[in-house]
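Results of the structural survey
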Amino acid sequence: MDDRTESDEGSFVDEVYEAPAGGARRRKRRGVSGCLPVLVVLAVVAGLLYFGVTRGMDFLEDQFGEAEDYPGPGSGRVTFQVVSGDSVADMGRNLKEAGVVASVDAFTAAASSNPDATSIQAGYFSLQKEMKASDVVEVLVDPDNVNKGVEKVTFPEGLTVDQTVETLAEKTDFKVKGIRRALEDADALGLPDYADGNPEGYLFPATYIVAPGSTPADLLRQMVDRWKQAAEDADLAGAAERLGYTEAELMTIASLTEAEARPKDMAKVARVIYNRIENEGTAGTIGLLQIDATVNFALGRNLGVAITNEDKEVDSPYNTHKYKGLPPGPIEAPGDAAIKAATNPAKGDWYYYVTVDLKTGETKFAESYDEFLDYKAEFTEYCTTSDAC
């Protein structure tokens, strides 16, 4: 900040008494005699000094005087958001606008005297109108106050859009009808063009804050924004070019991987999917992914339900037991691990995998059909002695 001010500056011009040309003397003019001229000058100087000192004191008080502050403790309730990246000055301006503090200077001064102010976390805080600035800082620096009393909703990995809608309606005051209406506006949600308006797979699983006064569209947009972050972190676009697929296809592979594997096995399962797509006829797969979850998706039911031979005959492009290659799009929302597995699959010649222990999740990968049958027999034996099957 520039502390300089502008002021009107006057100047005294001395009248020069010159001798006449030719060396002749000029008669001295008669003027006011005695000490009166000196007193006049002193009076003028004193006036100017008074004016200057007064102006200076006013300036110093304006610049360095105590900032306007409320005495506190405050009243009412204000839900205040600290946005990631906000500076102390940003917070001060927002707090003043919300009627919480009397001035930005009071807040910044209180924050500068509190050593914990540098660790204020982003999130929502419950405050009051007209609080003392130092009291506001005390609330903000306490991590236990972040999002306290603010509604939060957690979406686990692997939810379909229908399950996401159910969870959102159950955990908030949002109505199913309003949520579904918001899902229809792909542009407002920020879905990528290659999603073709379908949010399946792009509502990222995480914990979200339901801000006071927010709408279903606000929260759903947050979920899509969080997916964009995950896609950028995994370099989805670069991986698609490197692997020879579209970004939409990689998101489909990520969703299939999420449905089929635990995090530690995801890179291998992704490789199995790629191998089956790229090597038709090898190891008896004839280009079919044969993923049960896709059949359940086609039938509109829980993706983990055991399917029957009759189920495998459902006529749907999502039925990977009937149609070769990838289904038309994602079948559920993949998390970070699944997206990273799809963009960076493990190296290997596997075409099959069998989870041989349902409690530990131990999964074995096979390169041949005979090897697969051995692992399948191992799983059958496991089920004879375990109640997990």
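All of these numbers come straight from a predicted model, not from anything done at the bench.

Parameters at a glance
- Positions within a chain are numbered from 1, following the residues in the order the chain's sequence is written.
- Totals for whole chains, interfaces and linings use all residues, but because this is a predicted model, local features are given only for residues with pLDDT of at least 70 and pairs of side-chain atoms are given and counted only at 80 or more.
- Remark: hydrogens and water are excluded; side-chain values derive from all non-hydrogen atoms of the structure.
- Only runs of H or I of at least four residues qualify as helices and only runs of E of at least two qualify as strands under DSSP, and these elements are numbered from the N terminus.
- Summary of the burial criterion: residues with accessible area below 20% of their type's maximum are buried, those above 50% are exposed, and those between are partly exposed, where the area comes from a 1.4 Å probe applied to protein chains only.
- Two residues qualify as a contact provided that any one of their heavy atoms is within 4.5 Å of a heavy atom in the partner residue.
- The method behind every accessible area is Shrake-Rupley, applied with a 1.4 Å probe, and residues are considered shielded solely by the protein chains displayed.
- Predictor confidence is given residue by residue as pLDDT, running from a minimum of 0 to a maximum of 100.
- Only a pair of cysteine sulfur atoms within 2.5 Å qualifies as a disulfide here.
- Note on definitions: salt bridges are taken to be side-chain nitrogens of Lys or Arg within 4 Å of carboxyl oxygens of Asp or Glu.
- A pair of Phe, Tyr and Trp rings is counted when the ring centres sit within 6.5 Å of each other, with Trp represented by its six-membered ring. The angle between the planes then sorts it: under 30 degrees is stacked, over 60 is edge-to-face, the rest tilted.
- Consider the ring centre and the ring normal. A charge sits over the ring if Lys NZ or Arg CZ is within 6 Å of that centre and within 35 degrees of that normal.
- To get an axis, fit a line to the C-alpha atoms, keeping to the stretch in contact for a helix; angles then go from 0 to 180 degrees between the N-to-C directions.
- For this classification, under 35 degrees means roughly parallel, over 145 means roughly antiparallel, 65 to 115 means roughly perpendicular, and everything else is oblique.
- Crossing handedness follows the turn of the near helix against the far one: under a right angle anticlockwise gives a left-handed crossing, and clockwise gives a right-handed one.
- Polar here means any residue other than Ala, Val, Leu, Ile, Met, Phe, Trp, Tyr, Cys and Pro, which are nonpolar, and Asp, Glu, Lys and Arg, which are charged; Gly is therefore polar.
- Only buried residues count toward a nonpolar core, which is a set of Ala, Val, Leu, Ile, Met, Phe, Trp, Tyr and Cys residues joined through side-chain atoms within 4.5 Å.
- A pair of strands is treated as paired once DSSP finds two or more bridges between them.
- Positive charges come from Lys and Arg, negative ones from Asp and Glu, while His and the chain ends are left out of the count.
- Two joining distances apply to patches: 9 Å for like charges and 5 Å for nonpolar side chains (Val, Leu, Ile, Met, Phe, Trp, Tyr), and every residue must have over 30% relative accessible area and no salt bridge.
- Just so you know, the charge point we use is NZ for Lys, CZ for Arg, CG for Asp and CD for Glu.

Another point: the overall build of the chain. Tallying secondary structure elements over the chain gives 14 helices and six strands in all. Counting all 389 residues of the chain, 38% fall into the buried class. Restricting to contacts in the chain with at least 6 residues of sequence separation, those with at least 24 account for 62%. Here the chain displays about 23,100 Å² of accessible surface, and carbon together with sulfur accounts for 49% of that area.

What follows deals with the confidence of the model for the chain. Here the chain averages 84 in pLDDT, while 82% of its residues score no lower than 70. Below pLDDT 50 for its whole length, residues 1-64 participates in 19 contacts with residues either more than four positions away or in separate chains.

Turning our eyes to something else, we now look at the state of the cysteines. A covalent bond between the sulfur atoms of two cysteines is referred to as a disulfide. According to the stated counting rule, one finds one disulfide in the structure shown. In this model, Cys383 is linked to Cys389 through a disulfide, with the two sulfur atoms separated by 1.9 Å. Measuring handedness by torsion sign, the sulfur bridge of Cys383 and Cys389 sits at about -80° and is left-handed.

Okay, the pattern of salt bridges next. Summed over the entire model, instances satisfying the criterion amount to ten salt bridges. One salt bridge connects Arg180 with Asp162, and the closest N-O pair in it is separated by 3.0 Å. Taken together, the positions of Arg180 in helix H6 (residues 176-183) and Asp162 in helix H5 (residues 161-171) put the pair 18 residues apart, joining distant regions of the chain. Judged by relative accessible area, Asp162 falls into the partly exposed class, the value being 43%. The shortest N-O distance in the salt bridge between Arg226 and Asp336 comes to 3.0 Å. In this pair, Arg226 is assigned in helix H8 (residues 216-233) and Asp336 in helix H13 (residues 336-343), connecting sequence segments 110 residues apart.

What follows is about the packing of aromatic side chains. Scanning the model with the defined rule gives eleven aromatic pairs in all. Between Tyr202 and Trp227 the ring centres are 4.9 Å apart and the planes differ by 85°, which places this aromatic pair in the edge-to-face class. Taken as a pair, Tyr202 in the loop between helix H7 (186-189) and strand E4 (207-209) and Trp227 in helix H8 lie far apart in primary sequence, 25 residues in all. Overall, Tyr202 belongs to the buried group, its relative accessible area being 2%. Seen in terms of ring centroids, Phe297 and Tyr318 are 4.8 Å apart; in terms of plane orientation they differ by 50°. Their pairing is tilted. In this pair, Phe297 is assigned in helix H12 (residues 292-298) and Tyr318 in the loop between H12 and H13, connecting sequence segments 21 residues apart. Residue Tyr318 is classed as buried on the basis of its relative accessible area of 15%. Here Arg276 stacks its cationic end above the ring of Tyr352, 4.9 Å away from the centre of that ring.

The geometry of helix H10 (residues 247-260) relative to H13 is characterised by a closest axis approach of 8 Å and an angle of 125° between their N-to-C directions. One element, H10, and the other, H13, form an angle in the oblique class. The chirality of how H10 crosses H13 is right-handed. Each of Leu250, Met251, Ile253, Ala254, Thr257 and Glu258 in H10 lies in contact with H13, whose residues at this interface are Ala338, Ile339, Ala341, Ala342 and Thr343. For the contact of H10 with H13, a count of residues per class yields eight nonpolar, two polar and one charged.

One finds Leu183, Leu220, Trp227, Leu250 and Ile339 to be the most contacted residues of the largest nonpolar core, which totals 58 residues. When residues of this core are traced back to their parent elements, those giving at least two are H5, H6, H7, H8, helix H9 (236-243), H10, helix H11 (266-278) and H13. Sorting elements by how many residues they give to this core places H8 first, with seven residues. Val100, Ala117, Leu140 and Val146 belong to the second-largest nonpolar core, a separate cluster that totals 23 residues.

A few words on the pairing of strand E6 (residues 362-366). Alignment of strand E5 (residues 352-357) against E6, held across five bridges, turns out to be antiparallel. Its bridge partner being in E6, Tyr352 is matched across the sheet by Ala366.

Here Glu258 is to be found in helix H10. The charged side chain of Glu258 is buried without a salt bridge, its nearest counter-charge being Arg262 at 10 Å. When neighbours within four sequence positions are excluded, Glu258 is seen to be in contact with Glu157, Gly158, Met266, Glu332, Ala333, Pro334, Gly335 and Ala338.

On to a negative patch on the surface. The grouping of Glu184, Asp185, Asp187, Asp193 and Asp196 at the surface amounts to a negative patch. Structurally, Asp185 is set in the loop between H6 and H7. The exposure class assigned to Asp185 is partly exposed, which follows from its relative accessible area of 40%.

With that settled, consider the environment of Leu256. Locating Leu256 in the fold gives a position in helix H10. Taking the C-alpha atoms as reference, Leu256 lies 9.8 Å from Leu289; in sequence the two are 33 residues apart. Contact partners of Leu256, with chain neighbours within four places excluded, come to Ile273, Leu289, Ile291, Thr294, Leu326, Pro327 and Ile331.

The next point concerns unusual backbone geometry. A cis amide bond links Gly72 with the next residue in sequence, Pro73, at an omega value of 0°. With respect to the element layout, Pro73 can be found in the loop between helix H1 (36-64) and strand E1 (75-82). One non-glycine residue with positive phi stands out, namely Glu130, at about 55°. Within the secondary structure, Glu130 sits in the loop between strand E2 (123-129) and helix H4 (133-141).

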